[in-house]
Amino acid sequence: MTIEYALEDLQDVAVQILKKVNNKILLFDAAMGVGKTTLIKEICKQLGIIDVISSPTYALVNEYKNDDVFIYHFDFYRINDEEEAYQIGFDEYLDSGAWIFIEWPEKVSNLLPKRVTHIKISLKEGGKRELTFQKT
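Residues numbered from 1 in each chain as written. Predicted model: local features only at pLDDT ≥ 70, side-chain atom pairs only at ≥ 80, totals over all residues. Heavy atoms only, no water.

**Quick notes on helix H2 (residues 36-46)**
Thinking step 1. Those residues of H2 lying buried are Lys-36, Thr-37, Leu-39, Ile-40, Glu-42, Ile-43 and Cys-44.
Thinking step 2. At the exit of H2 stands Gly-48, carrying a positive phi of roughly 95°. (Buried < 20%, exposed > 50% of the residue type's maximum accessible area, 1.4 Å probe, protein only. Helix = DSSP H or I, 4+ residues; strand = E, 2+ residues; numbered from the N terminus.)

**With respect to the pairing of strand E7 (residues 129-135)**
Where a strand is regular, its side chains alternate between the two sheet faces.
Thinking step 1. As paired strands, strand E1 (residues 2-5) and E7 are joined by 4 bridges and run antiparallel to one another. Opposite Glu-4, over in E7, you have Glu-130 as the bridge partner.
Thinking step 2. Hairpin geometry of strand E6 (residues 117-123) and E7 is characterised by an intervening segment of 5 residues between the two adjacent antiparallel strands and by a positive phi of about 80° at Gly-126. (Pairing = 2+ DSSP bridges.)

**A few points about helix H1 (residues 10-20)**
Thinking step 1. Taken together, the buried positions of H1 are Leu-10, Val-13, Ala-14 and Ile-17. Looking straight down H1, one finds that the buried residues subtend no more than 100° of arc, so they occupy a single side. In H1, those exposed residues whose orientation departs by more than 90 degrees from the buried face are Asp-12 and Lys-19.
Thinking step 2. Tucked inside the fold, the buried residues of H1 contact E1, strand E2 (25-29), H2, E6 and E7. (Arc of directions from axis to C-beta. Contact = heavy atoms within 4.5 Å.)

Next comes the structure, spelled out in structure tokens:
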């Protein structure tokens, strides 16, 4: 599935993604500054999270929750190898049953389960984005 959207369409895009996913592990692939965290913020909002959502670039993982939903948001941009992710208990997070949102998933590709949802975002002319959505 491919969606072209402007930033003002983020709410609709997030709703479409949540309707289509068949698992809770979402991988976000995009260049720096294209909108991974912005989209994750809107997905969290649609899941009922009212916390401030920010990129966990330095912390590696942020946790968000409400009464019914638990989300782990990873940003692996700054890790040097998969061992760093393993050391923070990444495998335990994956087994938690919580929503898992991962920025820079290629940095931990050997640690990922087979059933995930890939979301690729690219910047188009005029500031629009193109999102490609693929379930495995």
